[in-house]
Structures are given as C-alpha cells and as structure tokens.
Amino acid sequence: MITQDFAVARRLTELPPYLFVEIDRKKREAAARGVDIINLGIGDPDIPTPASIIRALAKAAREPANHRYPESEGLDRFRQAVADWYQRRFGVVLSAQREVLTLIGAKEGIGHLPLAVVNPGDVVLIPDPAYPVYRAGTIFAGGEPYVMPLRQENGFLPDLDAIPASIRDRTRLMFINYPNNPTGAVASVDFYRQVVDFAARHNIIVAQDNTYSEICFEGYRPPSFLEAPGARDVGIEFHSLSKTFNMTGWRIGFAVGRAEVIEALRQVKSNLDSGAFQAVQEAGIAALALAESISARNSRIYQRRRDVLVRGLRKIGLEVESPRATFYVWPRVPKGFDSASFVTTLIERAGIVCTPGNGFGVEGEGYARFALTADVTRLREAMARLASSLN
Ligand SMILES: *Cc1c(COP(=O)(O)O)cnc(C)c1O
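These numbers were taken from a predicted model, which means no experiment stands behind them.

Q: A description of the overall build of the protein chain should follow, citing residues and the corresponding values.
A: Within the protein chain, the regular secondary structure consists of 15 helices and twelve strands. Taking 2.2 N^0.38 as the reference for a compact globule, 391 residues should give roughly 21 Å; the C-alpha atoms of the protein chain span a radius of gyration of 21 Å, in line with that estimate. Along the three orthogonal principal directions, the C-alpha set of the protein chain runs to about 65 × 60 × 55 Å. A total of 391 residues make up the protein chain; the buried ones form 55% of that total. Relative to all contacts within the protein chain whose residues are 6 or more apart in sequence, the contacts with residues 24 or more apart total 75%. Here the protein chain has roughly 17300 Å² of accessible surface; of this, 50% comes from carbon and sulfur atoms. Charged side chains in the protein chain number 47 positive and 44 negative. The centres of these two groups are separated by 5 Å.

Q: Which residues make up the sheet that holds strand 9 (residues 328–329), and what are the values?
A: Pairing in this open sheet of three strands is antiparallel, and the strands run 9-12-11 from one edge to the other. Each edge of the open sheet carries a strand with a single partner, namely strand 9 and strand 11 (355–356). Where strand 11 and strand 12 (residues 368–371) come together, two bridges link them in antiparallel fashion. Bridge pairing in strand 12 places T355 opposite R369.

Q: Residues and numbers for the site of the ligand, please.
A: Close contacts around the ligand come from 15 residues, with D209, Y212, S240, S242 and K243 the closest. Within the contact set of the ligand, an oxygen atom lies 2.6 Å away from a side-chain nitrogen or oxygen of Y212. In this structure, S242 approaches the ligand through a side-chain N or O atom, which is 2.6 Å from an oxygen atom. With the chains in place, 94% of the 390 Å² that the ligand exposes on its own is no longer accessible. Contributions of two or more residues to the shell around the ligand are made by helix 5 (106–117) and helix 10 (241–244). In terms of residues, the shell around the ligand owes the most to one element, helix 5, which gives three residues. Its residues placed into classes, the shell around the ligand shows five nonpolar, six polar and four charged.

Q: Report on helix 13 (residues 291–315), specifying residues and quantitative values.
A: Taking 1.5 Å per residue, 25 residues should reach 36 Å; helix 13 reaches 35 Å between its end C-alpha atoms and fits that length. The positive-phi residue at the C-terminal boundary of helix 13 is G317, with phi of around 95 degrees.

Q: Can you break down the packing of helix 5 against helix 11 (residues 259–272) residue by residue, with the values?
A: Two elements in contact, helix 5 and helix 11, have axes separated by 9 Å at closest approach and are oriented at 105 degrees. With respect to their mutual orientation, helix 5 and helix 11 come out roughly perpendicular. Between helix 5, through E108, G109, H112, L113, L115, A116 and V117, and helix 11, the contact on the second element is made entirely by V261, A264, L265, V268, K269 and L272. Tallied by class, the residues present in the contact of helix 5 with helix 11 amount to nine nonpolar, two polar and two charged.

Q: Before we move on, can you summarise the nonpolar core with the specific residues and values?
A: Among the nonpolar cores identified, the biggest contains 59 residues, and F78, Y86, M174, I176, Y178, F225 and F245 are the most heavily contacted of them. Of the residues forming this core, the biggest block, seven residues, is contributed by helix 4 (residues 76–90). When residues of this core are assigned to domains, at least three fall in each of domain 1 (12–48 + 293–390) and domain 2 (51–290). What F245 contacts, discounting residues up to four positions off in sequence, is T49, P50, I53, A287, L288, A291 and I294.

Q: Outline the domain arrangement of the protein chain, supporting the account with residue identities and numerical values.
A: Along its sequence, the protein chain is carved into domain 1 (12–48 + 293–390) and domain 2 (51–290). With centres defined by C-alpha atoms, the gap from domain 1 to domain 2 works out at 26 Å. Each partner contributes to the roughly 3100 Å² buried at the junction of domain 1 and domain 2, and carbon and sulfur atoms together form 56% of this total. Our count for the domain 1 to domain 2 interface comes out at two salt bridges. Two residues, E363 and R151, come together in a salt bridge whose shortest N-O distance is 3.0 Å. At the boundary of domain 1 with domain 2, the tally comes to 22 residue pairs in polar contact (both at pLDDT 80 or more). Per-element tally for the side of domain 1 that touches domain 2: the top contributor is helix 13, with eight residues. For the side of domain 1 that touches domain 2, the class distribution of residues is 16 nonpolar, nine polar and nine charged.

So, how was this worked out
- Residues numbered from 1 in each chain as written.
- Predicted model: local features only at pLDDT ≥ 70, side-chain atom pairs only at ≥ 80, totals over all residues.
- Heavy atoms only, no water.
- Helix = DSSP H or I, 4+ residues; strand = E, 2+ residues; numbered from the N terminus.
- Rg over C-alpha atoms; globule rule 2.2 N^0.38 Å.
- Buried < 20%, exposed > 50% of the residue type's maximum accessible area, 1.4 Å probe, protein only.
- Contact = heavy atoms within 4.5 Å.
- Areas by Shrake-Rupley, 256 points an atom, 1.4 Å probe, with all protein chains shown as cover.
- Lys, Arg positive; Asp, Glu negative; His and termini not counted.
- Charge placed at Lys NZ, Arg CZ, Asp CG, Glu CD.
- Pairing = 2+ DSSP bridges.
- Near = heavy atom within 4 Å.
- Polar contact = N/O pair within 3.5 Å; in protein donor to acceptor, adjacent residues only side chain to side chain.
- Nonpolar A, V, L, I, M, F, W, Y, C, P; charged D, E, K, R; others polar.
- Expected span 1.5 Å × (residues − 1).
- Axes fitted to C-alpha atoms, helices over the stretch in contact; angles between N-to-C directions.
- Parallel < 35°, antiparallel > 145°, perpendicular 65-115°, else oblique.
- Core = buried A, V, L, I, M, F, W, Y, C linked by side-chain atoms within 4.5 Å.
- Domains from an automatic or database assignment.
- Buried area = accessible area lost by both parts, 1.4 Å probe.
- Salt bridge = Lys/Arg side-chain N within 4 Å of Asp/Glu carboxyl O.

What follows is the structure, given as structure tokens:
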C-alpha cells in the first residue's frame, strides 16, 4: 500500500480557528452526567415550519416538472413573488428578471459572492463581531479581509471614516448585516444613505445581509438597504427564508439589487450548483404570500422570550440592551470573566449553553450571545438556574 502525504489547501488553514472545541467538550460532559441542557447556542428556530408551507411543498414535490434541474437563477414565479413582497414590504420596485436571484439559502449566496466580484488581493471590508461566512467567503476567493469593528458606543455600526485611505482604495466589496447577528443592533435608512455615499465615492460593492428583517418588536420594522437612494447602483441585499419562516433546513433565500452583481453571482452559481429545488421555491412562494402574518406571529413569540431573558440577565446584574430585532441577546459578561470562562461556567454550573462573543471575532470578546430558541418556560428555568449558579 502506498501512503500518500496529505495536506488540505492553504485556504482552509487560513480560516479562523474553531473556538468551540472546549465548549463542545464541556457540553458533552455535562450531558453525559445527565444534566438537562438548555441550548441557547445556535441561531436555529425551535418553532416548526407553518403547515401551509409544508402543504405547498408536498403538492409541488408530486409534480414531475419539479424533479428536473432548476434554472440557476431560480423560478420566474419565485422571483416575481420576491419582487411583489419587496414592493409591499419596503416600497421598493424590482425587476424580477434582472434584479432578483434565488439562492440555496443566504449563506450560499454570501459564500459565493466574493468569487463573483473579488480578485485575489482585493480588500473586503467585514464587520467584527460578525456571522463567520463573510470572512470565509472572502478567504476562499483570495480576498484580504479588513475588519470594521462594531462597538457598542457607535450602536454597533461601523465607523466608515476610520477606514484608512490606503485600505479604501484597494477595497472591492463591503459586507454589512442589519438587523445584526450577533449584537441585535439595527440600522436606519439614514445609515444606509451614508454607506451608499461611501461606496459610490470609492467604487465599492455593498452586500447588506437582511436575514433578520422580519423578526422585530414593538411595531419596529427594519428597512431595506435598497430604500436608500442610489443603493441599487452600488449593491445587493441578501434575504433568507430560514429565520422568517422557520425553514433553516429547507435551504432557500435570495439576493436582490444591482443587476450586474446579481448576474455575476448567477454565473458563479451556474458553474457550481444548479439552483434550488423547484418544489422548495414553490413552498417559498406560499411563504412570501403569508409573510406579514407569519412574521407578526413569530415576532410576538420572540418578543415574549426576549423580555424574559433580558429581565433575567439584568436581575443578576448583567449589562444588556433589549434588541429591537433578531432573536439574539448580547450581554456583556460579568466582571471577573471573559467570554470563554463565562460560557464554560454557565455550562458547568447551570447546564445553559450560549455562544462566547469572541467566536464572532476579536471585537466580540467580553460578550456572550443568547439565542431565543427555547420557549418561555425553558427560558424562565434558565434564568432561575443562572441566578443561583452565579451567586
Ligand atoms: C442564519 C444566517 C444566515 C444564513 O441563512 P440561510 O438562508 O439559512 O443560509 C445568513 N446571515 C446571517 C447573519 C444569519 O444569521
């Protein structure tokens, strides 16, 4: 037998180290001891997909036409449903043909976008803390990530003036994400105007991730990036059906905006995947038709959970803002802890799993992320355990 040397490609070794090894081990140990774990670690809704969406899938799955390869850009009818929803929800009129692209989840589009628009050595601006795929997609395309710190004193918005000219001039693409994972921060159309102005002046493509636009509280409705004048000339916006409709396992999302960027991303996709299963797109059409009522119902559920969690964290003295959108709560860890020691202490003493802030980048150090993916009873139990374990 020949033994062959093996090494993974360098781009894999350039990914940030996986910080959760120790936490995963602690979680498994606690579970093996019989601890009843309350998992608030993963941003994956515990609420099932609405029945009408499942019925639409079942019907479409029986249709032989849907058993064949889809078009890589997506079904015309799905893209039209997206355009109709955008007009209803944001007052933004889109061409379904040129300005909308079906994705196999927003993650797929985010990961592939740098392959479509970034040359090796180009700078890509990424927020920190952030959803890890902005960095991973950049590295896979040979781009150079440059971090925009998101700080609490700036409302977790990037300081565009702090980006040095030498970086700005080499920048091709900029990722932003509001409502924000992990901080729960939101952005106004006025902020988006500033982003459009910055991007237009420096010839930068903007990719705004609006995955959490439909999980929002107390009447607040997050805007679309495309509401800012000129936005569709500089960038695109990602959406996901995962969080809005409790469809994380289904793999469906979309990108909208600047036609050349949409076309470039379509070209990458047509060479790497063959698009989303048409039956899932049919289910997506059914979902978008019910967006308003499903979003209202989900948001009510998350709002009650948010209130239980925020109240519980404040009661034990943690500093935390109550988010206006997303299903994440982002407290500072108590004095005497860092992100990792706080999270491991919670697992060991209380059986509660949350995510250390530094797992989202160095700027996340000193914070922890709790996902509102357990019901109110479980969250009350978690807060009671937390109170007794930290005393
Ligand atoms: C969950 C999430 C996604 C991924 O959504 P999919 O459509 O399931 O791929 C993208 N961006 C952010 C910020 C997320 O939290």
